[in-house]
Structures are given as structure tokens and as C-alpha cells.
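# Residue-level structure breakdown
Spelled out, the chains give:
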Amino acid sequence: MILVHCEHDGTRLRKSALEMLGAAQALGGEITALVLGRGSSQVAAEAAKYASQVLIAEDALLEPYSARNHAQAIADLAVQAEASLVLTSGSRAGREVAPRVAVRLDAPYLEDATQLELIDGGLRVKHYAYLARVTETLEAIAPLIVVSVKPNTQAVAQPSANLGEVFEVELELTPSPIQVVGRTQEKTSRVALTEASLVVTGGRGMGSPENFKLIEDFADVLGAGVGATRAAVDAGWRPYAEQVGQTGKTVQPNAYFAIGVSGAVQHMSGMGKSKLIVAVNKNADEPIMKVADYAIIGDLNAVMPALIAAAKKLKD
Ligand SMILES: Cc1cc2nc3c(=O)[nH]c(=O)nc-3n(C[C@H](O)[C@H](O)[C@H](O)COP(=O)(O)OP(=O)(O)OC[C@H]3O[C@@H](n4cnc5c(N)ncnc54)[C@H](O)[C@@H]3O)c2cc1C
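Values in this document were obtained by computation on a predicted structure and should not be read as measured data.

## Brief notes about the environment of Gly-37
Inspection of the secondary structure assignment puts Gly-37 in the loop between strand 2 (31-36) and helix 2 (40-47). On the basis of neighbour counts, which here come to 20 C-beta atoms within 10 Å, the residue Gly-37 falls in the buried class. Between the C-alpha atoms of Gly-37 and Ala-23, which are 14 residues apart in sequence, the distance is 23 Å. Those residues in contact with Gly-37 that sit more than four places away from it in its chain are Glu-58, Leu-62 and Glu-63.

Here's what the structure looks like:
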């Protein structure tokens, strides 16, 4: 049985959860979705469309979020449910939790898988290694294996004809010696990059951090996520959290706007699966212009204000 730890926002499954469930469906066999924390019961009905059973738990020790307590819950339930595979998202939280689960279960841990395949007695995965210069194939042979899956590398799950059964489960969590005693969150109205259905990315061609206002303005009109190339991040113009590419995030939006981006292989490996690519570049010979569905040749300082104005007009 495959136990899928489903990330959610208290009301809906996150895209990462739909991808994990999709990966589990592709592997085949029985799927149990695990929904932890506040809002689990609301999210359970959605998870039931994709799994044969759903386990939910709203234990007080799961709030506020703590990797230790979530790991304890997942590990305990993996044993109770007799799972042979535990899937978690390769999100930041998922990568915090998954190794802790593996240690608790004394199970092998395969990190940041991009492809998964069942083999005799275990699992084979592919993942990037050595700063994404190498794609490694790994095999784990064990009765129980823990895997984190790189976001935006899997097809999302398809709802099945029958709804899975939902079970409320009791946890016996032990209080952690470490308590979260305060938390402030940066406020941003912008959609998270890996969840965005539209992404606007700026590269070195933006010329300065101030000029990224063109990217932000366009993204805000569209309701899109903001991305950056490594060149823009290394220059200190944008935070690493926005980096798209082999050593950044993988995105798969409906439309990807690459502005002042040359299209290096390391960048394209993180956005090449976008459904539609629009590039703005002053040089028609750049690699990004070859893969773009719409290539706008011109100075971005002239093109972007026109694009922003056109997008605003469409919205009004
Ligand atoms: C191991 C490794 C991992 C890497 N990982 C990543 C990664 O995760 N993500 C990533 O992005 N890169 C990554 N890189 C770096 C990558 O190789 C490129 O260097 C980088 O993507 C280039 O960023 P860029 O397109 O912004 O800059 P450039 O290649 O310098 O391109 C700038 C573009 O802007 C255009 N331009 C300039 N001025 C204007 C203007 N006024 N109007 C319109 N167009 C203009 C230029 O024609 C050019 O095409 C990695 C490299 C290595 C070796």
C-alpha cells in the first residue's frame, strides 16, 4: 500500500498533493491519502476522489506546524496502515519531514525523485545530483521505503469513479522538547511560484533590480507568480526562492513568460514543460526564442510597458 502525505492549505489539497497522488496512481496498487492538521476533515472529501482510503487527524500537537510532530504522525500511521511506500512532497516542508520519517521507520530514504518505478522488492527512482549536473538512478530494496518527490515533475492525479473511505485516526504524539513560541509571516498577495498557473520570469536582461518592477507589475495584472534566472539571483537582484531551473524550482504553468532570459539548458530544465512559452528578447537567435510559442523580438523596456497596458485593458 502507498501512503501519500497530502499537503493542504486547510481548505484544499495543494498541487504537490495532487502530484503525489498522481505519482501513486501511476505506480499502481492501493493508495491511502494522509491529511494532517487543521482543516483535514474539509480536505478529506477532495482527497477521497483520488485514494481508496483517506486517514485524517487534527491533533493539537500538529499545530503550529512542526516537522518533528508531523514526522512522528506519518511514521506511526505508516506502520499502522502497513505501508510499503511513503510519498511526501519535495517541498521545503516535505524535505524537512521525509528524512525524519525514514529515521523513525529505519527505512531507506530516496530524495527529490523526478521519476519513480516499482521493481522487484523495492523502488527505482531518478533524481538530480551534484548541483543538478548529473541525473542519478537509485534503487532501494526494502519492505518500506520513504520518498520525497520533486514538485512539478509528476502529472496530477485523476479522480476515480469510486470515492475512498475516510477514517478519523487518533495519534499518540509525544510533546516535543522544542516549542514554536513565535512566528511572523511575510505578507505577499502573490501566488506561490510552484502553484502558479502563470509565471513571469525576469533574467539578466532586466539590467537592474529596480527594473524587475516591470516583471512584478505584469505578474500582478495577470495574477501570476514571479520567477528569476540564476543570473538575476546571483546578482542579488531577486531572492533564491524565485529561481527557476535545475538548481532552483521546477514549474509547469499554463503559460511561462521569459523576459530578458537567454534560455540556458539549466534554466530550461526547470520550465521546459510549460504548456505555452512567451519570450521577450532583443536577440532573435537566443535558445529561448527557438522554444518559444510566441517570441517577441525587441527591447524589453519598450515591450513590457506595452504588454502591461494590453493585459490591463483585457482585464477591464
Ligand atoms: C550547475 C549549474 C546550475 C545552474 N542552475 C541554473 C538554474 O537553476 N536556473 C538558471 O536560470 N540558471 C542556472 N544556471 C545558469 C545558466 O547556465 C545561465 O547562466 C543563466 O540561466 C543565464 O541567465 P539569464 O538568461 O538571465 O542571463 P543571460 O544568459 O545573460 O541572458 C540575458 C538575456 O537577456 C537579453 N537581453 C539583454 N538586454 C535586453 C533588453 N534590453 N531587452 C530584451 N532582451 C534583453 C539578452 O539577449 C540575453 O538573451 C546554472 C548553471 C550551472 C553551471
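## Describing the site of the ligand
As a matter of local geometry, the ligand sits amid 31 residues, with Gly-203, Gly-205, Arg-230, Gly-245 and Ser-262 nearest to it. Sorting the residues of the shell around the ligand by element identifies helix 6 (230-234), helix 7 (265-268), strand 14 (277-281) and helix 9 (300-315) as the ones contributing at least two each. Ranked by the residues each element gives to the shell around the ligand, the list is headed by helix 6, at three residues. Formed jointly, the shell around the ligand draws a minimum of three residues from each of two domains, domain 1 (2-168) and domain 2 (193-315).

## Observations concerning helix 2
Regarding helix 2, the residues found buried are Ser-40, Val-43, Ala-44 and Ala-47. Each buried residue of helix 2 lies within a common arc of 120° when the element is viewed along its axis, so the set occupies one face. Those residues of helix 2 that are buried are in contact with strand 2, strand 3 (53-57) and strand 10 (165-168).

## Section: the sheet that holds strand 11 (residues 198-202)
Taken in spatial order, the five strands make up an open sheet running 12-11-13-14-15, and their pairing is parallel. Because the sheet does not close on itself, it has two edges, and the strands there are strand 12 (225-228) and strand 15 (294-297). For this sheet, the mean inter-axis angle between neighbouring strands, taken without regard to orientation, is 15°. Two elements, strand 14 and strand 15, share four bridges in a ladder whose sense is parallel. Residue pairing for strand 15: Ala-279 is matched across the bridge by Ala-295. Along the sheet, helix 5 (residues 213-222) makes contact with strand 11, strand 12 and strand 13 (255-259), crossing strand 11 at roughly 175°. Along the sheet, helix 9 contacts strand 13, strand 14 and strand 15; its crossing angle with strand 14, the most-contacted strand, is approximately 135°.

## Structural notes on the sheet that holds strand 6 (residues 115-119)
Read across the sheet, three strands follow the order 6-7-8 without closing on themselves; strand pairing throughout is antiparallel. Of all strands in the sheet, those with a lone pairing partner are strand 6 and strand 8 (134-141), marking the two edges. In this sheet, neighbouring strand axes are inclined to one another by 25° on average, regardless of whether the strands run parallel or antiparallel. Where strand 6 lies against strand 7 (residues 122-129), five bridges are found, and the strand directions are antiparallel. Bridge assignment links Ile-119 to a residue of strand 7, and that residue is Gly-122.

## A short note on the domain arrangement of the protein
Domain parsing of the protein yields domain 1 (2-168) and domain 2 (193-315). For domain 1 and domain 2, the distance between their C-alpha centres works out to 31 Å. Counting residues at the interface gives nine residues for domain 1 and eight residues for domain 2. Residues belonging to the side of domain 1 that touches domain 2 are distributed by class as follows: four nonpolar, two polar and three charged.

Parameters at a glance
Residues numbered from 1 in each chain as written. Predicted model: local features only at pLDDT ≥ 70, side-chain atom pairs only at ≥ 80, totals over all residues. Helix = DSSP H or I, 4+ residues; strand = E, 2+ residues; numbered from the N terminus. Buried ≥ 20, exposed ≤ 12 C-beta atoms within 10 Å, placed from the backbone. Contact = placed C-beta atoms within 7 Å. Near = placed C-beta within 6 Å. Domains from an automatic or database assignment. Arc of directions from axis to C-beta. Pairing = 2+ DSSP bridges. Axes fitted to C-alpha atoms, helices over the stretch in contact; angles between N-to-C directions. Nonpolar A, V, L, I, M, F, W, Y, C, P; charged D, E, K, R; others polar.

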